[in-house]
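# Observations on chain architecture
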Amino acid sequence: MEDFITRVDQRDIHITNPGKMMWPEAGVTKWEYIQYLIQISPFLLPYTENRLLTTIRYPDGIHGKFFYQKNVPSYAPEWLNTHIWRDNRYILLNDRPTLVWVANQASLELHVSFHLYRNEDLPTEIVFDLDPMDLNDFRHVCDVALYLKEILESLGLQSVAKTSGASGLQVYAPIKPGYTFEQTRRISSFIARYLAEKHPHLITLERMVKKRGTKLYFDYLQHWKGKTLPAPYSVRARPQATVSAPVTWEEIETGFHPAEFTMERMIRRVQEKGDLFKTVTTEKQNQPLEQLLSFIDKHLSPV
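So, here's what we can say about the structure. (Residues numbered from 1 in each chain as written. Predicted model: local features only at pLDDT ≥ 70, side-chain atom pairs only at ≥ 80, totals over all residues. Heavy atoms only, no water.)

## Things to note about the sheet that holds strand 12 (residues 169-174)
Strand pairing in a sheet takes place through backbone hydrogen bonds and is either antiparallel or parallel in direction. The strand order across the open sheet formed by six strands is 13-14-10-12-11-16, and the pairing between neighbours is mixed. Taken across any chain shown, the strands that pair with only one partner, and hence form the sheet edges, are strand 13 (203-204) and strand 16 (246-247). Across four bridges, strand 11 (residues 160-163) lies against strand 12 in antiparallel orientation. Residue pairing across strands places Thr-163 opposite Leu-169, the latter belonging to strand 12. Along the sheet face, helix 4 (residues 181-198) touches strand 10 (125-131), strand 13 and strand 14 (216-219) and points at about 35° away from the line of strand 10. (Pairing = 2+ DSSP bridges. Helix = DSSP H or I, 4+ residues; strand = E, 2+ residues; numbered from the N terminus. Contact = heavy atoms within 4.5 Å. Axes fitted to C-alpha atoms, helices over the stretch in contact; angles between N-to-C directions.)

So this is what it looks like as structure tokens:
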């Protein structure tokens, strides 16, 4: 398949090596990947918009060498929206032409910050990353996610979950704008310690992998300024071309394995179920935290 120019929303983008196999086991070429992103863009872009983008590039497909990229390359088109933060000029993934251009760079994973570029101290949600050691027992992960949902609801917070696209689950509780990372850390630390004490046979807060045993790592520390997680609907560099897929709590109760959510199946899934991440993006729940923070300040020792 020869190189060609495609027009995306009034921008001409040169597509190179469109037939190159990016995910050999799944049979996905670069052009098929780009087509997926164009189709999924109405659901992906509302979350990536105005966030700092970090990509993982695989020029020769998922089994080749890869590298992380934060800085905009020197040859990037002038029309890309960018923002300088901590000595890096980040791309802001705000529109379809940018998405297609980034994908053509063999950026097979799209990771974004927890904050908008204008508000580096203010997260848009509280996020927990559930990272299992045993990749074969995903029931373990689902159970911990349900325990987390239960405590969040008891504290007055609704949440939504998505797979990491690899081995874990990530739970998001959207919040009213204006709270700092320091404030959300007080809440996430309280919840993490509570769950680890209540379910010590399942959960660990130990950051060193070799000390976790078979327990699930309940990561609340990743949620911080400048750090990232895969964007919802981003594909991951895994053999099955799995996607970081929003899921329902009913699906988590029933149980599943993240390998079920592939690029091939994702378009039909959003057509059938709609955007399961909309309470974080297009229909955002602006949940207040004042009462919860007041409770923690009164009854618990500082973190």
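Now that the structure is up, let's keep going.
## Side note on the packing of aromatic side chains
Here the distance between the centres and the angle between the planes together describe a pair of aromatic rings. In this structure the tally under the stated criterion is 15 aromatic pairs. Between Trp-85 and Tyr-90, the ring centres sit 6.4 Å apart and the planes meet at 55°, which makes this aromatic pair tilted. Note on Tyr-90: relative accessible area 4%, which makes it buried. Aromatic rings pair up to connect Tyr-47, Tyr-172 and Phe-277 into one cluster. Just above the ring of Tyr-47 sits the side chain of Arg-51; from NZ or CZ to the centre is 3.9 Å. Here the guanidinium or amino end of Arg-212 rests over the ring plane of Tyr-217, the centre of that ring lying 4.0 Å away. (Phe/Tyr/Trp six-rings, centres within 6.5 Å; stacked < 30°, edge-to-face > 60°. Buried < 20%, exposed > 50% of the residue type's maximum accessible area, 1.4 Å probe, protein only. Lys NZ or Arg CZ within 6 Å of the ring centre and 35° of its normal.)

## With respect to the nonpolar core
In this structure, Trp-23, Tyr-33, Tyr-36, Ile-191 and Phe-218 are the most contacted members of the largest nonpolar core, which totals 90 residues. For this core, the element with the highest residue contribution is helix 1 (residues 30-48), accounting for nine residues. (Core = buried A, V, L, I, M, F, W, Y, C linked by side-chain atoms within 4.5 Å.)

## Structural notes on the pattern of salt bridges
Scanning the entire structure with this criterion turns up 14 salt bridges. Notably, a salt bridge pairs Glu-109 with Arg-238, separated by 3.9 Å at the nearest N-O pair. Taken together, the positions of Glu-109 in strand 9 (residues 107-116) and Arg-238 in the loop between strand 15 (228-230) and strand 16 put the pair 129 residues apart, joining distant regions of the chain. Connected via shared salt-bridge partners are Glu-109, Arg-236 and Arg-238. (Salt bridge = Lys/Arg side-chain N within 4 Å of Asp/Glu carboxyl O.)

## Overview of the pairing of strand 7 (residues 82-85)
Two elements, strand 7 and strand 8 (residues 88-92), share four bridges in a ladder whose sense is antiparallel. Its bridge partner lying in strand 8, His-83 is registered against Tyr-90. Between strand 7 and strand 8, which pair antiparallel and follow one another directly, the connecting turn spans two residues, one of which, Arg-86, has a positive phi of 50°.

## Quick word on helix 3 (residues 138-154)
Within an α-helix, residues lying three or four positions from one another point in the same direction, as the helix has 3.6 residues per turn. For helix 3, with 17 residues, the first-to-last C-alpha span of 25 Å sits near the 24 Å given by 1.5 Å per residue. Of the positions making up helix 3, those classed as buried are Phe-138, His-140, Val-141, Cys-142, Val-144, Ala-145, Leu-148, Lys-149, Ile-151 and Leu-152. Where the residues of helix 3 are buried, they touch strand 10, strand 12, helix 4, strand 13, strand 14 and helix 5 (249-254). Phi for Gly-156, located one or two positions after helix 3, is positive at around 85°. (Expected span 1.5 Å × (residues − 1).)

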